[in-house]
Structures are given as structure tokens and as C-alpha cells.
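Letter by letter, the chains look like this.
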Amino acid sequence: MNLDTKWLEDFLMLAELQHFSRAAEARHITQPAFGRHIRALEKAIGQTLIDRSTTPISLTPAGRQFRNVARNIVSQMEEGLKLLNGIEQPLINPIRIASPHSLSSPTLLNLIEHSEIEHDLTFSVDILRVDFAVSSLTEGNCDFFLGFEILSLLQPPFQNLCIGHGNFLLVSATDDDGNPLFDPRTSQTPIIRYSAESYSARLIEQYQPKLAQLNTFPVFESSMCQLHKEMALRAKGVAWLPDTQIQQELNDKSLVAIAPHIYRLPYQIRLYRNSAPLRKDAEALWSALNNQVKSGWQINYPWQPDSL
């Protein structure tokens, strides 16, 4: 296979700008020449990479897969040339991970720390809303997505590892005796609510029919779990929070789970990737985690109250 690296750079620019003339202008070549480069690349690969029927143009499934390959080839070549010329870089080819706020701390940090013990790795992290993080993985802008169970990613061309389990718990701040300040089972209670487009809101809605009715009224709305946690600690109302984010608060009784044997919504923590080949370090990390998962390792286990 004969590939001109300039074709790869043209393709990556087109994938980013989604417009032939703007991409050609950004690459400082004429549009006809740019178009010939893209067609030559498609011919060399034997796949149609660009869906020209959409406005703006988009990548075909093969194009989305190849975007990862092209980025890796161009990145490795650029880094190799810089090393040859003695140009130092602060981060060389980091592993790129996207994650929602709810799993960024401590889960993502624990995963990075766990991975650094056995591997000399560097990481670049994007904290994104779940739908944006899914798009980042789909478009090849990250190597991995650390997230909850996403049905669209549980099928080809994606792969996943289940690396942890937990529960969303209904929690309240406590009084001086460690008792909950709010109990929506017995009295009307303010609740910190997730915005409708968030993953957490969809999870709660999924399980709502199975739960006993709660007597709540919303006083605050956000898509960020961290804000919900802060509002709950400030005694502004009850909140649904993932146990991985509040284990310290549950242990020191600054937050208490309300009837956790009833009000718990199970979730899985999964690491997703595209099936296209990744860079060497990313592939090594995936392989190591895969082996550890097969032996029973998990990054997180559900919090268990003393009463269970």
C-alpha cells in the first residue's frame, strides 16, 4: 500500500472542518488537488471514508475508524522527527481519556494511579458531559471513554471492559447526631435534581417506576454530580449521588444514605474504546486491564452500609 502522509493530514483536516473548500484552504492547496488527495487515499485504503451526500460532509463508519489510524500515524511521525531534531515535548503521545464529571474523581484518578504503578504512561484527560464524551470516542478524539453503561457503545465497532460496579444512593446531610436532616418518605422534602439531558436523570427515570413514591419538590437543577454533592452537604435537600463519589462522606456520616436497601440504583463502570488499533501505550494499557479484569480485579465496588 502506497500512502502519502500529506493525504493523511488532508483527511484529518477534512474530518475536522467537514467542508472541502475550507479544508483545502487550511491546507494551502487548491480544492481540486485536495479532492484528488482524498480520492487517492480512499483508493489506496479500499474504503469510502467521506460521506459526500450529507451537509456538512461527514465520515463514513470506515472513515471514523480510519481517523484514529491516521491520527496515530501522523502523531508518531511528528514526534519521531521532533526527537531526531532534539525538540523536547512536555507530553509525548499521551493516552487520551474522556470521562463525565461523576467519574472524574476519584474513579478516573484511581484508574490513572493504578495504571502508572506498572507502566510509565502519560495521560491527557477531557471531562465532558456523557453525550459529548461518547461523540469524542465515536469521532476518534480520545483513546478511551470511562463511563457508565451506554447501550450504543456495547456493540461493534466498540469494545468495553466492565471495571467496576456501584449504586446511585439517595442521600441527605445529617444533624449533630448523624441522623438525616431530610426524609422524603415521611415529609415533603427539597431535592437536588439532574437536568433532563444528563445520564443521571435518565438512570433515575429508568428505575423510578420500581421505587416507592417520594414526597419531593425540586429546588436546584444541574447535570453535574459534584454540584449535587456540594448542595447536599450544604443541607439544601436530598440528592441521588454515585457511591464512588461520596464514600468518604458516607463513612464520616456527613452524608447518610436513606433506606439504601430500597433507594439504590445500580450502575456499571466501563472503559470503552474503538476497535481500530490504538497507539502502543494505549494498547498495552488495554491489554493489562483486560487481563486484570479476567482475574477478578475492579476499580470500584458498591459501598455497603453497616446495616446490610
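That block above? That's the structure.
Source: prediction; values computed, not measured. (Residues numbered from 1 in each chain as written. Predicted model: local features only at pLDDT ≥ 70, side-chain atom pairs only at ≥ 80, totals over all residues. Heavy atoms only, no water.)

A. Quick peek at helix α3 (residues 31-45). With 15 residues, α3 should cover 21 Å at 1.5 Å per step; its first-to-last C-alpha distance of 21 Å lies within 8% of that length. Every buried residue of α3 is accounted for by Ala-33, Phe-34, Gly-35, Ile-38, Leu-41 and Glu-42. Of the residues one or two after α3, Gly-46 is the one with positive phi, at around 85°. (Helix = DSSP H or I, 4+ residues; strand = E, 2+ residues; numbered from the N terminus. Expected span 1.5 Å × (residues − 1). Buried < 20%, exposed > 50% of the residue type's maximum accessible area, 1.4 Å probe, protein only.)

B. Local environment of the packing of aromatic side chains. One pass over the structure, following the stated rule, counts 9 aromatic pairs. Judged by centre distance (5.9 Å) and plane angle (10°), the rings of Phe-144 and Trp-286 are stacked. Here Phe-144, found in strand β5 (residues 144-147), pairs with Trp-286, found in helix α10 (residues 280-294); they are 142 residues apart in sequence, far enough to count as distant. Residue Phe-144 shares its accessibility class with Trp-286, and that shared class is buried. When the ring of Phe-148 is compared with that of Phe-168, the centres are 5.8 Å apart and the planes differ by 55°; the resulting orientation is tilted. Pair noted here: Phe-148 is in the loop between β5 and β6 (158-173) and Phe-168 is in strand β6, with a separation of 20 residues, a long-range link. For the pair Phe-148 and Phe-168, one class covers both residues: buried. Feature note: the residues Phe-148, Phe-168, Tyr-199 and Tyr-267 constitute an aromatic cluster, connected by ring pairs. If you follow Arg-129 out to its NZ or CZ, it ends over the ring of Phe-132, 4.6 Å from the centre. One cation-aromatic arrangement involves Arg-273 over Trp-286; the distance from NZ or CZ to the ring centre is 5.4 Å. (Phe/Tyr/Trp six-rings, centres within 6.5 Å; stacked < 30°, edge-to-face > 60°. Lys NZ or Arg CZ within 6 Å of the ring centre and 35° of its normal.)

C. Broad picture of the packing of helix α8 (residues 225-233) against helix α9 (residues 243-251). As a packed pair, α8 and α9 sit with axes 11 Å apart at the nearest point and diverge in direction by 20°. When the axis of α8 is compared with that of α9, the two are roughly parallel. Crossing handedness for the pair α8 and α9: right-handed. Listed contacts from α9 to Cys-225, Gln-226, Lys-229 and Leu-233 of α8 are Gln-245, Ile-246 and Glu-249. Of the residues assigned to the contact of α8 with α9, the class counts are 3 nonpolar, 2 polar and 2 charged. (Axes fitted to C-alpha atoms, helices over the stretch in contact; angles between N-to-C directions. Parallel < 35°, antiparallel > 145°, perpendicular 65-115°, else oblique. Left-handed = near helix turned anticlockwise from the far one by under 90°. Contact = heavy atoms within 4.5 Å. Nonpolar A, V, L, I, M, F, W, Y, C, P; charged D, E, K, R; others polar.)

D. Just the side chain of Ser-222, in detail. Following the sequence through the fold, Ser-222 ends up in strand β8 (residues 216-222). According to the relative accessible area criterion, Ser-222 is buried, its value standing at 10%. A polar contact is formed between the side chain of Ser-222 and the backbone nitrogen of Met-224, at a distance of 3.0 Å. Among all residues touching Ser-222, those that are not within four sequence positions of it are Arg-193, Tyr-194, Ser-195, Leu-227 and His-228. (Polar contact = N/O pair within 3.5 Å; in protein donor to acceptor, adjacent residues only side chain to side chain.)

E. Highlighting helix α1 (residues 5-17). In this model, α1 (13 residues) spans 19 Å end to end at C-alpha, consistent with the 18 Å of a helix rising 1.5 Å per residue. Of all the positions in α1, only Trp-7, Leu-8, Asp-10, Phe-11, Leu-12, Leu-14 and Ala-15 are classed as buried. Where α1 terminates, the next one or two residues include Gln-18, which has phi positive at roughly 60°.

F. Seen up close, the pattern of salt bridges. Under the defined criterion, the tally for this structure stands at 12 salt bridges. The shortest N-O distance in the salt bridge between Glu-221 and Arg-193 comes to 3.2 Å. In this pair, Glu-221 is assigned in strand β8 and Arg-193 in strand β7 (residues 189-194), connecting sequence segments 28 residues apart. The class of Glu-221 is partly exposed, set by a relative accessible area of 44%. Here the salt bridges do not stand alone but share partners, grouping Glu-9, Asp-10 and Arg-27 into one network. (Salt bridge = Lys/Arg side-chain N within 4 Å of Asp/Glu carboxyl O.)

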